[in-house]
Amino acid sequence: MKALKIILSIFLIGLIFGGCAYNWIVEEEVIDPTDPDAPEVSFSAEITPIFSAKCTSCHTTGNQMPDLTPSNAYSSLNSSRYINTSDPASSLIYTKPSPTGSHVKYSESEAALVLTWITQGAKNN
Ligand code: HEC
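Because the structure is a prediction, the values reported are computed rather than measured.

1. Some thoughts on the site of the ligand
- Close to the ligand lie 18 residues, the nearest being Cys55, Cys58, His59, Tyr82 and His103.
- Here a nitrogen atom of the ligand and a side-chain polar atom of His59 are 2.7 Å apart.
- With respect to the ligand, the side chain of Lys96 contributes an N or O atom lying 2.6 Å from an oxygen atom.

In structure tokens, the structure reads:
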């Protein structure tokens, strides 16, 4: 009986301290656009894949503007119509697909990446 209690206690203590660690759930990482130390967002490696996954079915060459195919996306977006580096959050390429808008939407982490990329100067990197 005593041994059983000890075993039970060890089991319970283990459960209390180890049982509730939800570390197998991979959280979606959201970059902080206001963080000056945020790692530099790469247009070609991080932004164009979002466009290819969600936008180029319509925004393709010769179709709906802006052309968001990987080879043309930067030159299509590089204008004050789509990007406003002095007020990044007002940029059309950020506001149009915002998670709260009515267009095809970025996820929260995609929106944060786009905003961070604009905040960092909207470079062709
Ligand atoms: C199902 C087709 C479709 C998809 C997918 C789509 N769009 Fe659009 N988009 C349109 C149409 C049609 C318009 C023009 C009408 C309007 O402004 O709503 C438009 C307009 C825009 C505009 C404004 C263009 C301008 O010059 O006024 C932006 C910016 C834009 N889309 C970005 C995106 C982004 C970024 C994605 C992907 C996250 C996306 N769209 C996905 C159809 C689409």
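2. Brief notes about the packing of aromatic side chains
- A full pass over the atoms with the stated rule returns four aromatic pairs.
- Plain terms: the ring middles of Phe43 and Phe51 are 6.4 Å apart, the flat faces sit at 65° to each other, and that makes the pair edge-to-face. Of the two residues, Phe43 and Phe51, both sit in the buried class.
- Three or more aromatic residues joined by ring pairs form one cluster here, namely Phe43, Phe51, Tyr74 and Trp117.

3. Digging into the coordination of the iron atom of the ligand
- Surrounding the iron atom of the ligand are the protein donor atoms His59 (NE2) and His103 (NE2), at 1.9 to 2.0 Å.
- Its six donor atoms give the iron atom of the ligand angles of 86 to 179° at the centre, a pattern that matches the octahedral case. You can see His59 sitting in the loop between helix 2 (43–54) and helix 3 (73–77) and its partner His103 sitting in the loop between helix 4 (92–95) and helix 5 (108–119), a full 44 residues away along the chain.

4. Some details on unusual backbone geometry
- That bond from Met65 to Pro66 is cis: its omega, -10°, falls within 30 degrees of zero.
- Within the secondary structure layout, Pro66 lies in the loop between helix 2 and helix 3.
- The backbone phi angle of Ala122 is positive, close to 50°, even though this residue is not glycine.
- Counting through the fold element by element, Ala122 comes out in the segment after helix 5.

5. Regarding the pattern of salt bridges
- On inspection of all chains with the given rule, the structure shows two salt bridges.
- Between Glu40 and Lys123 there is a salt bridge, with the nearest N and O atoms lying 2.7 Å from each other. Residue Glu40 is found in the loop between helix 1 (2–18) and helix 2, and its partner Lys123 is found in the segment after helix 5; the two are separated by 83 residues along the sequence.
- On the accessibility criterion, Lys123 (38% relative accessible area) is partly exposed.
- A salt bridge links Lys54 to Glu110; the nearest nitrogen and oxygen atoms lie 2.7 Å apart. Highlighted residues: Lys54 in helix 2 and Glu110 in helix 5, separated in sequence by 56 residues.
- Residue class for Lys54 comes out partly exposed when judged on its relative accessible area of 30%.

Thresholds applied
- Residues numbered from 1 in each chain as written.
- Predicted model: local features only at pLDDT ≥ 70, side-chain atom pairs only at ≥ 80, totals over all residues.
- Heavy atoms only, no water.
- Near = heavy atom within 4 Å.
- Polar contact = N/O pair within 3.5 Å; in protein donor to acceptor, adjacent residues only side chain to side chain.
- Phe/Tyr/Trp six-rings, centres within 6.5 Å; stacked < 30°, edge-to-face > 60°.
- Buried < 20%, exposed > 50% of the residue type's maximum accessible area, 1.4 Å probe, protein only.
- Donors = N, O, S within 2.8 Å, 3.2 Å for Na, K, Ca; no water.
- Tetrahedral: all angles 85-135°; square planar, octahedral: opposite > 155°, others 65-115°.
- Helix = DSSP H or I, 4+ residues; strand = E, 2+ residues; numbered from the N terminus.
- Salt bridge = Lys/Arg side-chain N within 4 Å of Asp/Glu carboxyl O.

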